[in-house]
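Listed here are the chains, written in short residue letters.
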Amino acid sequence: MRDLKRTNASLPAYKQLAALNMDLFTPMKERLIVRGGKKIREEVPFLQDLLFVYTTREKLDPVVSITPTLQYRFVKGKAYREAMTVKETEMIRFIHAIRSTVNPRYYKPEEITPAMQGRRVRVIGGPLDNYEGSLLSVRGSKSRRLLLEIPNLLLAGIEITDCDYILL
């Protein structure tokens, strides 16, 4: 889904849909803001217009029709007005990996260069058991990160800790 509201909106779509008891996920990052002269850490969406909603189209259509700033994301090169979907198993694994680490780092697909992508690996043991991805090499980083992807949309660098092996 796409949320076309401004970043400073009082009721963004992820809060609106959560109030309607819809199961959703939006990648969040921490940001320092100044309110009343004090610095406050606040969680804001990584991509303002990106929402993953887990429901049927029949339940979501009435909400989209009454909210002009909420739209479906459509797939380029596919059938006309075919809404983008992510497989349920892929999304569950992605959300589990995000929640298993304290500080995930998100990347847009155009931000990752071939030099940043390392070897293709599989993690054995720990909370990310049997997860596959490529190792993320960032200059100056002392931690190992596994790069997980939602194709053509979003990548996440998950710190690998408490694992038995990394299979190359």
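Residues numbered from 1 in each chain as written. Predicted model: local features only at pLDDT ≥ 70, side-chain atom pairs only at ≥ 80, totals over all residues. Heavy atoms only, no water.

**Structural notes on the overall build of the protein chain**
What counts is decided by this rule: Helix and strand labels come from DSSP, where a helix needs a run of H or I of at least four residues and a strand needs a run of E of at least two; each type is numbered from the N terminus. The classification of residues rests on relative accessible area computed with a 1.4 Å probe and restricted to protein chains. Under 20% of the type maximum is buried, over 50% is exposed, and intermediate values are partly exposed. Throughout, a residue-residue contact means that at least one pair of heavy atoms, one from each residue, lies within 4.5 Å. Exposure was quantified through the Shrake-Rupley algorithm and a 1.4 Å probe, taking into account, for residues, occlusion by the shown protein chains and nothing else. In this count, Lys and Arg are taken as positive residues and Asp and Glu as negative ones, while His and the chain termini are left out. The atoms used to mark charge sites are NZ of Lys, CZ of Arg, CG of Asp and CD of Glu.
A tally of helices and strands in the protein chain yields three helices and 12 strands. For the protein chain, the spread of C-alpha atoms along the three principal axes comes to 50 × 50 × 30 Å. For the protein chain, the proportion of its 168 residues judged to be buried stands at 36%. Across the protein chain, every contact between residues at least 6 apart in sequence was considered, and the portion connecting residues at least 24 apart equals 56%. Surface summary for the protein chain: the accessible area is close to 11,300 Å², and the carbon and sulfur share equals 50%. Treating the 28 positive side-chain charges of the protein chain as one cloud and the 19 negative ones as another, the clouds have centres 7 Å apart.

**Thoughts on the nonpolar core**
We apply this condition: What makes a nonpolar core is a set of buried Ala, Val, Leu, Ile, Met, Phe, Trp, Tyr and Cys residues whose side-chain atoms join them at distances within 4.5 Å.
Within the largest apolar cluster, 23 residues are counted, with the highest numbers of intra-cluster contacts made by Phe25, Phe94 and Leu154. Counting only elements with at least two residues in this core, the list comes to helix H3 (88-99), strand S8 (117-124), strand S10 (145-150) and strand S11 (154-159). Looking at this core element by element, the count peaks at five residues for H3. Setting aside its immediate chain neighbours within four residues, Leu154 contacts Pro27, Phe46, Leu47, Leu50, Phe94, Tyr106, Tyr107, Pro109, Leu148 and Glu149. Core analysis: the second largest hydrophobic core is formed by 13 residues, Met1, Met22, Leu51 and Leu70 among them.

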